[in-house]
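So you can see what is in the structure, the chains are spelled out below.
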Amino acid sequence: MIRTAIVRGLLFGAVGLHLAVVGVLLMLHQRWIIIDTISLGQAVLVLLAIGAGVMAAPTNAPEAPPARLLFGLIAGAAASLPLAALMVAMDLVRLQAVFIALSHDLFEMLSFDLGDFLGVLALIGGGAVGGLAGAVLQHTPPGIRRAVIAGAAAVVVAGVFQELIQLMLQFEGLIGDIRDFFYTWEGLSPQGAAVVFAITAIVSQVRSAASRRNQAALTDQQRQRQRMIRALLCLAGLAVLPALAGSYIGQVLMLVGLFILMGMCLNLDVGLAGLLDLGFVAFFAVGAYATALLTADNPHALLHLSYWAAMPIAVLLSICMGVIFGIPVLGVRGDYLAVATMGLGEIVRVIVLSDFASPLLGGAQGLLQIPKPALGGFTLGSPVSLFYLTLVASGVAAFVAWRLENSRLGRAWMALRDDEDVAQALGINLIRSKLMAYGLGAAFAGLAGSIFAVMLGSVYPSSFQLLISINVLALIIVGGMGSLPGVALGSIALIGLPELLREFGEYRYLFYGAVLIIMMRLRPEGLWPSEARRRELHGSDESLALDAGSDLLPAQRT
Amino acid sequence: MALLEIDDIHVFYDNIQALKGISLDVEANRIVTLVGGNGAGKSTTLRAISGLLHPRQGAIRYDGRPLAGLGAHDIAAMGLVHVPEGRRIFGRLTVDENLLMGAFTRRDRKAIAEDKERMMTLFPRLRERLRQVAGTLSGGEQQMVATARAMMARPRLLLMDEPSMGLAPMVVEQVFETIQAINAQGVTILLVEQNALMALTIADQGYVLESGEIVLSGPGRDLIDDERVRQAYLG
Ligand SMILES: Nc1ncnc2c1ncn2[C@@H]1O[C@H](COP(=O)(O)OP(=O)(O)OP(=O)(O)O)[C@@H](O)[C@H]1O
Ligand SMILES: [Mg+2]
């Protein structure tokens with residue numbers, strides 16, 4: 001058992017080592033959670049130790065609880081061993097020549113500025129304490145555990161996003177005083193952190209007690225209404241946030257809104273119809289270029305329509321493209337479809353860049369000077385107003401998707417998704433249904449592209465990489481396939497957060513990969529799954545639900 | 001004139017010829033069965049009839065109308081419904097949704113609700129499991145869903161491909177009773193079965209298929225007594 005504890009600890013340690021070597025750790029160290037007390041990088045180390053402790057001290061282990069706590073302690077210490085070894089190695093050899101990230105700053109971070117020997121001891125000791133904490137956490141009642149986790153998460157959010165939160169609290173008087181209690185100019189103050197922790201923990205405790213009492217008495221219908229209300233509240237929050245926040249948040253939200261819209265339409269294709277369409281960016285490009293050609297103030301433009309006249313034309317063109325693209329891949333299923341559509345997506349970009357189309361479409365220089373849309377006398381120029389435009393468009397898309405789900409066409413898609421032959425034998429027109437799916441998906445992609453064009457004021461072929469399709473796919477997987485609120489959540493998590501934490505930029509796709517893997521392990525149905533999807537993945541199969549980890553801290557079998 | 005007439009069809013999978021000129025008739029309101037060994041071409045015949053495959057040569061007429069050139073969904077809309085082999089239900093939809101999919105071509109909501117009720121009486125097991133995801137049903141229950149779903153289309157002609165496959169002997173008997181009950185409601189049935197004895201017992205007319213060709217045909221009873229059939233299929 002000690003061996004498993006050590007192995008698990010070392011595994012977590014290896015993750016820490018990896019983060020240190022690629023430079024993520026030091027980067028995270030630059031951001032305080034609690035000012036002058038704990039940084040995000042240190043928090044990651046603590047989290048690794050805690051995780052090792054949790055994994056090494058399962059609640060169903062044969063040993064008595066005190067022994068399990070010891071395992072946690074050992075695993076935590078083991079989790080810091082690889083980094084301690086790294087410190088010793090850094091002390092002996094100049095490793096920075098090989099790994100640029102292994103700088104003196106990293107050494108100072110790992111040693112807590114205590115020098116070589118004490119630093120190593122402090123690191124291992126800290127790891128042991130973290131591991132012990134993890135083991136203890138594992139053995140506390142779930143209610144308290146949940147409260148602690150919620151409190152800690154709230155502190156992290158309050159600390160990491162201090163800049164944004166402070167921005168929103170730029171008032172004099174009472175609000176200003178409250179702000180000054182929680183925040184110094186540079187970050188979350190220790191007393192503020194303590195209060196945030198306490199409040200969140202208590203609230204989560206009270207809420208879970210209340211909801212446990214209620215849940216049993218709720219009917220299906222009431223539960224559904226609760227979900228509706230929660231979704232509407234989130235939407236309302238999303239709608240008023242930019243008005244409160246500055247233009248920087250507006251900018252980020254504008255991007256988030258755009259990806260929500262794209263997520264909505266890919267959701268139709270993938271979630272409902274089961275068509276894994278990676279050529280989606282092509283229609284996005286068609287919408288953008290059509291808008292540019294119809295409205296721009298440059299020599300390439302064909303017409304100078306107003307945005308509101310150009311947008312429907314752009315959408316119509318996208319639909320045509322969707323149907324034309326759909327025909328050759330009608331008979332292609334599953335994985336092959338993903339590959340085929342991926343190729344189609346690239347074709348559009350290559351065509352724009354080709355010598356043949358360059359004179360018409362501006363080639364690599366793109367099309368510039370696309371005017372902002374005007375509504376009456378008001379120009380939708382600011383990011384915030386454009387965000388609202390995406391929100392309205394997303395609303396339309398959401399409405400269409402919601403109506404479709406319970407329509408004949410929606411049911412036909414779901415049937416085709418599960419079994420094409422049987423669906424046809426029951427009277428479903430395969431060709432028409434599939435082309436409708438491609439056309440509709442393309443329509444919203446074109447709409448998104450059209451908004452994208454006015455957002456940037458210019459379009460370039462380099463904006464329409466395959467990566468966009470993949471980002472959109474990733475966000476609907478993380479959010480929850482087939483779920484509309486899930487799309488919003490996924491877009492905030494995958495598009496919004498990396499924009500807010502700018503220093504992550506470099507490592508963006510590293511985190512994407514990690515998040516996707518973790519999601520698939522712990523919560524394959526996504527952050528906010530649709531009812532049907534939850535059913536599919538958890539359904540009546542208890543063992544599967546356990547396996548997928550319905551709890552944050554799954555009890556691991558040894 | 002028979003409800004379904006098949007006239008010398010040849011069906012290919014790429015270059016492999018699966019059916020080498022098959023002709024058979026299905027009279028209205030009868031149970032007709034098609035028996036034969038593995039790979040004889042029974043499923044292929046049904047797929048050709050329902051439009052999932054297209055014969056390279058020969059003709060299929062349903063109710064006097066040639067089916068050539070029609071898509072599977074058009075044929076289904078004419079009341080010719082296929083229950084494919086291997087319990088192919090929509091695994092991610094609930095039982096209820098599966099049944100509704102069966103009535104996809106119909107628009108008479110009230111009658112659909114009535115038919116669903118009839119299916120519940122025919123298969124009481126399904127009533128308790130209406131909200132369950134069909135993929136989690138037991139094999140026999142899935143077969144019930146597949147049959148009930150096909151019935152929801154109010155078919156005139158039902159093509160059933162091995163409805164008893166993999167079921168317990170007790171349940172197999174129930175399946176055959178159900179088939180007769182469905183037939184008694186005026187539905188013509190073309191039944192493909194490995195269980196030749198049972199199938200021939202309830203069938204008015206039987207065809208024996210071997211390597212893509214029909215080698216014997218006649219009333220079900222006569223085929224059971226036939227020496228060659230006895231040796232090959234009834235052991
Ligand atoms: N999709 C396919 N591609 C190529 N060959 C096929 C295909 N489907 C069936 N075949 C071949 O066609 C022949 C007839 O197959 P069919 O499925 O009609 O047999 P069957 O009589 O239904 O057999 P079983 O009782 O085992 O279901 C077989 O030799 C089979 O290998
Ligand atoms: Mg077969």
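Here, the structure is the one placed above.
On a predicted model such as this, the values are computed, not experimentally measured, just so you know.

1. Re the overall build of chain B
Scanning chain B from N- to C-terminus turns up 10 helices and 10 strands. The globule rule puts the C-alpha radius of gyration for 235 residues at 18 Å, and the 17 Å found for chain B is close to it. Counting only C-alpha atoms and orienting by the principal axes, one finds that chain B spans roughly 45 × 40 × 35 Å. Burial analysis of chain B (235 residues in total) assigns 53% to the buried set. Expressed as a percentage of contacts within chain B between residues at least 6 apart in sequence, the contacts between residues at least 24 apart total 66%.

2. A look at the site of ligand 1
Residue and element names in this part refer to chain B. Around ligand 1, the surrounding shell holds 14 residues, and the nearest of these are Lys-42, Ser-43, Thr-44, Glu-85 and Gln-194. The separation between a nitrogen atom of ligand 1 and a polar side-chain atom of Tyr-13 is 3.4 Å. In the complex, 64% of the free accessible area of ligand 1, which totals 640 Å², lies under the protein chains. It is helix α1 (residues 42-50) that contributes the most residues to the shell around ligand 1, four residues altogether. In terms of residue class, the shell around ligand 1 is made up of three nonpolar, seven polar and four charged.

3. Details of the packing of helix α12 (residues 247-272) of chain A against helix α17 (residues 383-405) of chain A
All names here are of chain A. α17 packs onto α12 with a crossing angle of 20° between their chain directions and a minimal axis gap of 8 Å. For the element pair α12 / α17, the angle class is roughly parallel. Crossing hand, α12 versus α17: left-handed. On α17, the residues touching Ser-247, Gly-250, Gln-251, Leu-253, Met-254, Gly-257, Leu-258, Ile-260, Leu-261, Met-264, Leu-268 and Leu-272 of α12 are Pro-383, Val-384, Leu-386, Phe-387, Thr-390, Ala-393, Ser-394, Ala-397, Ala-398, Ala-401, Leu-404 and Glu-405. Here the residues of the contact of α12 with α17 are counted per class, giving 17 nonpolar, six polar and one charged.

Rules used throughout
Residues numbered from 1 in each chain as written. Chains lettered and ligands numbered in written order. Predicted model: local features only at pLDDT ≥ 70, side-chain atom pairs only at ≥ 80, totals over all residues. Heavy atoms only, no water. Helix = DSSP H or I, 4+ residues; strand = E, 2+ residues; numbered from the N terminus. Rg over C-alpha atoms; globule rule 2.2 N^0.38 Å. Buried < 20%, exposed > 50% of the residue type's maximum accessible area, 1.4 Å probe, protein only. Contact = heavy atoms within 4.5 Å. Near = heavy atom within 4 Å. Polar contact = N/O pair within 3.5 Å; in protein donor to acceptor, adjacent residues only side chain to side chain. Areas by Shrake-Rupley, 256 points an atom, 1.4 Å probe, with all protein chains shown as cover. Nonpolar A, V, L, I, M, F, W, Y, C, P; charged D, E, K, R; others polar. Axes fitted to C-alpha atoms, helices over the stretch in contact; angles between N-to-C directions. Parallel < 35°, antiparallel > 145°, perpendicular 65-115°, else oblique. Left-handed = near helix turned anticlockwise from the far one by under 90°.

Without other data, these values stay purely geometric and don't point to any function.
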